[in-house]
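Each chain, letter by letter, is given below.
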Amino acid sequence: MPNCPMCQSEYTYEDRGLFVCPECGHEWSETEVATEEFIVKDSNGNQLQDGDSVTVIKDLKVKGASGAIKQGTKVKNIRLVDSDHNIDCKVDGFGPMKLKSEFVKKL
């Protein structure tokens, strides 16, 4: 069962095709859950979108690589994903990479 979108309660239940939250009384359907917008923000609080360009704000160590992604590295054409690392991208000199949005700022 999904958590309540209003109060994040985990005690929701299904009743006649609707999800119901016993704590706040909110009712919603499955289609409302699917249409919730996925929002990713950069280190300054700016909303990111697919295709944006960003700049890395601190040196990032890369496992298995001899060097690090340096502060100020520009990354073009990002793709947002819903996981622990919010951004899929290609970094010049490193190849495909997953970054956390808290370490980038929008250009």
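All residue numbers refer to position in the chain's written sequence, counted from 1. Side-chain atom pairs in this predicted model are given and counted only at pLDDT of 80 or more, local residue features only at pLDDT of at least 70, and totals for whole chains, interfaces and linings cover all residues. Neither water nor hydrogens contribute to the side-chain values; these are computed over all heavy atoms in the structure.

Undergrad: Pulling in residues and values, what's your account of unusual backbone geometry?
TA: In this model, Gln 8 sits at a positive phi of 65°, which is unusual for a non-glycine residue. Residue classification places Gln 8 among the exposed positions, given a relative accessible area of 52%. Non-glycine residue Asn 77 carries a positive phi angle of around 55°. Numbering goes from the N terminus for both helices and strands, where a helix is a DSSP run of H or I of at least four residues and a strand is a run of E of at least two. Among the structural elements, Asn 77 can be located in the loop between strand S9 (74-75) and strand S10 (79-80). When accessible area is computed with a 1.4 Å probe and restricted to protein chains, residues below 20% of their type maximum are described as buried, those above 50% as exposed, and intermediate ones as partly exposed.

Undergrad: Could you give me a rundown of the sheet that holds strand S12 (residues 95-99), with the residues and numbers involved?
TA: Read from one edge of the open sheet, 3 strands run S10-S11-S12, paired in antiparallel fashion. Taken across any chain shown, the strands that pair with only one partner, and hence form the sheet edges, are S10 and S12. Should DSSP find at least two bridges between two strands, the strands are taken to pair. Across 2 bridges, the pairing between S10 and strand S11 (residues 87-91) is antiparallel. Within the sheet, the bridge partner assigned to Arg 79 lies in S11 and is Asp 88.

Undergrad: Describe the pattern of salt bridges, and please don't skip the residues or the numbers.
TA: We define a salt bridge as a side-chain nitrogen of Lys or Arg found within 4 Å of a carboxyl oxygen belonging to Asp or Glu. Here the structure, examined in full by the defined rule, presents 4 salt bridges. One salt bridge in this structure joins Lys 106 and Asp 52, with 3.5 Å as the shortest N-O distance. Here Asp 52 lies in the loop between strand S5 (47-48) and strand S6 (54-56) and Lys 106 lies in strand S13 (residues 104-106), a separation of 54 residues in the sequence. Judged by relative accessible area, Lys 106 falls into the partly exposed class, the value being 32%. Arg 79 is paired through a salt bridge with Asp 88; the nearest N and O atoms lie 2.7 Å apart. Residue classification places Arg 79 among the partly exposed residues on the basis of a relative accessible area of 46%. Residues participating in the shared-partner salt-bridge network are Arg 79, Asp 88 and Lys 98.

Undergrad: Outline the UniProt feature "domain: Protein YjdM N-terminal" (unreviewed entry) in the protein, listing residues and values.
TA: UniProt positions are given in the numbering used here, feature names are shortened, and annotations may be inferred rather than shown by experiment. The positions UniProt marks with the feature "domain: Protein YjdM N-terminal" (unreviewed entry) are residues 1-29. From the first C-alpha to the last, residues 1-29 spans 12 Å; its make-up is 0% helix and 28% strand.

Undergrad: Can you break down the environment of Lys 58 residue by residue, with the values?
TA: Mapped onto the fold, Lys 58 is located in the loop between S6 and strand S7 (60-61). For Lys 58, a relative accessible area of 41% gives the class partly exposed. For the pair Lys 58 and Thr 73, spaced 15 residues apart in sequence, the C-alpha separation works out to 9.1 Å. In this structure Lys 58 touches Ile 69, Gln 71 and Phe 103, once residues within four positions along its chain are discounted. Any two residues whose heavy atoms approach within 4.5 Å at even a single point are treated as in contact.

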